Amino acid sequence: TPDLIAQRIVIVRGDKVLLDAQLAALFGVTTKRLNEQVRRNASRFPPDFVFRMTDQEVARLRSQIATSNRRPGRGGRRFRPYAFTEHGALMAANILSSPRAIEV
């Protein structure tokens with residue numbers, strides 16, 4: 001899966017990051033569960049591990065990669081995504097109890 005992970009990495013604020021939905025998919029959990037665990041364990045995630053993207057960053061990313069649109073009835077995100085650095089992704093694997101997270 002290293003190639004799969006490398007394909008999902010994007011650059012935000014000069015850091016290589018994985019977005020929450022992509023990280024959750026790799027770990028075999030829902031994005032909601034991943035973000036819930038991050039909020040519950042906030043002290044383990046300093047700003048250099050994970051950060052919430054700004055509206056401008058989301059717009060820039062949306063123009064670069066295919067994401068769902070926001071038209072009514074078409075799905076899409078309701079909240080700005082979290083961006084996980086390498087250290088944040090490792091910490092997320094530690095707080096999730098899914099076998100897939102441990103494997104990745």
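### Details of helix α4 (residues 55–64)
Every buried residue of α4 is listed here: Glu57, Val58 and Leu61. Down the axis of α4, the buried side of the element spans an arc of 100°, and every buried residue falls inside it. Exposed positions of α4 whose direction lies more than 90 degrees from the buried face are Asp55, Gln56 and Ser63.

### Considerations on the environment of Val10
Positionally, Val10 belongs in strand β1 (residues 10–12). For Val10, a relative accessible area of 11% gives the class buried. Sequence separation between Val10 and Ala83 is 73 residues, and the spatial gap between their C-alpha atoms is 9.2 Å. Those residues in contact with Val10 that sit more than four places away from it in its chain are Asp15, Lys16, Val17, Leu19 and Leu61.

### Things to note about the packing of aromatic side chains
Counted under the stated rule, the structure contains 1 aromatic pair. With a centroid separation of 6.3 Å and an interplanar angle of 85°, the aromatic rings of Phe45 and Phe84 are classed as edge-to-face. Here Phe45, found in the loop between α3 (31–40) and β3 (50–52), pairs with Phe84, found in strand β4 (residues 82–84); they are 39 residues apart in sequence, far enough to count as distant. For Phe45, a relative accessible area of 7% corresponds to the buried category. Judged by relative accessible area, Phe84 falls into the buried class, the value being 1%. The side chain of Arg52 reaches across the aromatic face of Tyr82, ending 4.1 Å from its centre.

Criteria and thresholds
Residues numbered from 1 in each chain as written. Predicted model: local features only at pLDDT ≥ 70, side-chain atom pairs only at ≥ 80, totals over all residues. Heavy atoms only, no water. Buried < 20%, exposed > 50% of the residue type's maximum accessible area, 1.4 Å probe, protein only. Helix = DSSP H or I, 4+ residues; strand = E, 2+ residues; numbered from the N terminus. Arc of directions from axis to C-beta. Contact = heavy atoms within 4.5 Å. Phe/Tyr/Trp six-rings, centres within 6.5 Å; stacked < 30°, edge-to-face > 60°. Lys NZ or Arg CZ within 6 Å of the ring centre and 35° of its normal.

None of this, on its own, says anything about what the molecule does.
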